[in-house]
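Structural description and commentary
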Amino acid sequence: MRDKENKILIVDDEEGIRNILSKVLREEGFSIETAIDGKEGMEKAVKFAPDIILLDLKLPDRNGIEILQEIKKIIPHTNVIILTAYGTIRSAVEATKLGAFDYLSKPVDNEELILIIKRALELSDLKEEVKSLRSELHKRYGFGNIIGMSPKMNDVFSLMEKLIKIDATVLIIGETGTGKELVARAIHFNSLRKNAPFIVVNCGAIPETLMESELFGYERGSFTDAKERRIGKFELAEGGTVLLDEIGELPLSSQVKILRAIGEKEITRVGSSKAIPVNVRVIAATNKNLEEEVKKGRFREDLFWRLSTVTLNLPPLRERKEDIPLLIEHFIKKFNKELNIDIKGLSSEAKKCLLDYLWPGNVRELENAVYEAMVLSSDDLIGIEDLPSRIVRDYGNFIDYGKSLSEAVENIRKKVEIEMIKRALKDSSGNKTRAAKSLGISRKTLFNKIKNYKI
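Small disclaimer: the values here were computed from a predicted structure and weren't measured.

1. Here's the deal with the overall build of the protein chain
- Along the backbone of the protein chain there are 19 helices and 16 strands.
- In terms of overall size, the protein chain is more extended than a compact globule, its C-alpha atoms giving a radius of gyration of 33 Å where 455 residues would be expected to give roughly 23 Å.
- By the burial criterion, 45% of the 455 residues in the protein chain qualify as buried.
- Taking as baseline every contact in the protein chain between residues at least 6 positions apart, the subset at least 24 positions apart corresponds to 69%.
- Put simply, the protein chain shows about 24700 Å² of open surface, and 51% of that area lies on carbon and sulfur atoms.
- Averaged over its 74 positive side-chain charges, the protein chain has a centre that lies 5 Å from the centre of its 72 negative ones.

2. Examining the pattern of salt bridges
- Across all of its chains, the model carries 33 salt bridges by this definition.
- With a shortest N-O distance of 2.9 Å, arginine 185 and glutamate 181 are connected by a salt bridge. With arginine 185 and glutamate 181 both in helix α7 (residues 180-189) and four residues apart, this pair spans about one turn of that helix.
- Given the relative accessible area of 30%, glutamate 181 is considered partly exposed.
- Each of Asp12, Glu14, Asp56 and Lys106 takes part in one network of salt bridges that share partners.

3. Looking at the packing of helix α18 (residues 432-439) against helix α19 (residues 443-453)
- Where α18 meets α19, the closest approach of the two axes is 9 Å, and the angle between their N-to-C directions is 100°. By the angle class used here, α18 and α19 are roughly perpendicular. Residues Lys432, Thr433, Ala435, Ala436 and Leu439 of α18 form the contact with α19, whose participating residues are Arg443, Leu446, Phe447 and Ile450.

4. So, helix α8 (residues 208-216)
- What α8 keeps buried is the set Met211, Ser213, Glu214, Leu215 and Phe216.
- After α8 finishes, the residue glycine 217 shows a positive phi value of roughly 80°.

5. What to know about the sheet that holds strand β2 (residues 31-35)
- Strand order across the open sheet formed by five strands is β2-β1-β3-β4-β5, with parallel pairing between neighbours. Looking along the sheet, the strands with just one partner apiece sit at the ends: β2 and β5 (102-105). Between one strand and the next, the sheet's axes are offset by a mean angle of 20°, whatever the strand orientation.
- Strands in contact with helix α1 (residues 15-27) are β1 (7-11), β2, β3 (52-56) and β4 (79-84); relative to β2, the strand with the most contacts, it is inclined by about 170°.
- Running over the sheet, helix α2 (residues 38-48) touches β1, β2 and β3 and is turned about 150° from β2.

6. Side note on unusual backbone geometry
- Cis geometry marks the peptide bond from lysine 106 to proline 107; its omega dihedral reads -5°.
- Its location among the elements puts proline 107 in the loop between β5 and α5 (110-140).
- The backbone phi angle of serine 429 is positive, close to 55°, even though this residue is not glycine.
- With respect to the helices and strands, serine 429 occurs in the loop between α17 (405-427) and α18.
- Owing to a relative accessible area of 68%, serine 429 belongs among the exposed residues under this scheme.
- Here lysine 454, not a glycine, exhibits a phi torsion of approximately 55°, which is positive.

The rules behind each value
Residues numbered from 1 in each chain as written. Predicted model: local features only at pLDDT ≥ 70, side-chain atom pairs only at ≥ 80, totals over all residues. Heavy atoms only, no water. Helix = DSSP H or I, 4+ residues; strand = E, 2+ residues; numbered from the N terminus. Rg over C-alpha atoms; globule rule 2.2 N^0.38 Å. Buried < 20%, exposed > 50% of the residue type's maximum accessible area, 1.4 Å probe, protein only. Contact = heavy atoms within 4.5 Å. Areas by Shrake-Rupley, 256 points an atom, 1.4 Å probe, with all protein chains shown as cover. Lys, Arg positive; Asp, Glu negative; His and termini not counted. Charge placed at Lys NZ, Arg CZ, Asp CG, Glu CD. Salt bridge = Lys/Arg side-chain N within 4 Å of Asp/Glu carboxyl O. Axes fitted to C-alpha atoms, helices over the stretch in contact; angles between N-to-C directions. Parallel < 35°, antiparallel > 145°, perpendicular 65-115°, else oblique. Pairing = 2+ DSSP bridges.

Listed below in structure tokens is the structure:
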């Protein structure tokens, strides 16, 4: 049961019943209001906003069934429990068909009443939780979680806005780590199918021999280990969306069946001859050039054209570097919350390093790099020494060489000195005596360099 005080409204014209039920339920910790007829019951239902209404079917001014129907229109989430005399049980059963949670015969068994009330509240809690989770999913996969303001990302957002309004098959093309699944989820959770399932099938992770049964299911006895019927991904996604991730890895033997599922909107389970209609939207994603795969005979041309009704190209991070600072800020906020730390940002040197890097792993690699740097950082600013070594490997990418050879050599010398001092201080947990010793210089020299370089 919820932590808050639950409210119950008792609508019954018998004063004795109102008084007994009020006393019993108050002892259980409920907040109670009562009403003597339908008119007062409706007024208090609106003002009091109860979690539960105990409603007598026989009231002096109105029929309880009519009041139930009105309650369900005005406050549909309130659970109604019908109180009925023996002669009106048939009407009570009818009331449950019209939306009442349950009914109890008079005289009411107090223990049974409390049990039914608790069950009704648990159901309400579950509904609230589902609503909250659904809202969180919509929030999580809204467009606001796909970060970018570059012209190329604005083109992506513009196309996504159109795709949520139509039900077309979509092919998302992009390198590994560009966020293809995130975009697919955002399209689904902002479309008319948002309240139905979103099912992901990784075509590259399923063995060819199991692909058909994974996608379309199988009947009991269709092969040795088929001890019971299994529902496939397409049926599980009924009314929603199937994401065929890494579609370029799909074996040719399965491609023709996918083509039929998309084109004819029906599937057949392994071991059955019965066609089953399916209502799903298909989104496919790949990091391969499917047109080249078609030319090489590794992908069916008819399936390619069926999948690419609308094609959405996700740009690699190196082609939208103006989005990197936004992404870094987003990841720092995210991981500050997850790690319970307070990183303010990056040093100018670290930021330049991340901007100059080519990001072969795209946004996913940047996210991992920021996470690693935040874990390793001993300061509230991420320095270049906190970044993964693969990113900082070539100092030359991050050095202002200057106008002459001597100027370039001096700049490099300063850069190396700063990095070595920072690393020595980090390794010695800030102990300057130990840091100086590891660097082979005096403590005074170290202090002077720290002051000069403003470390």
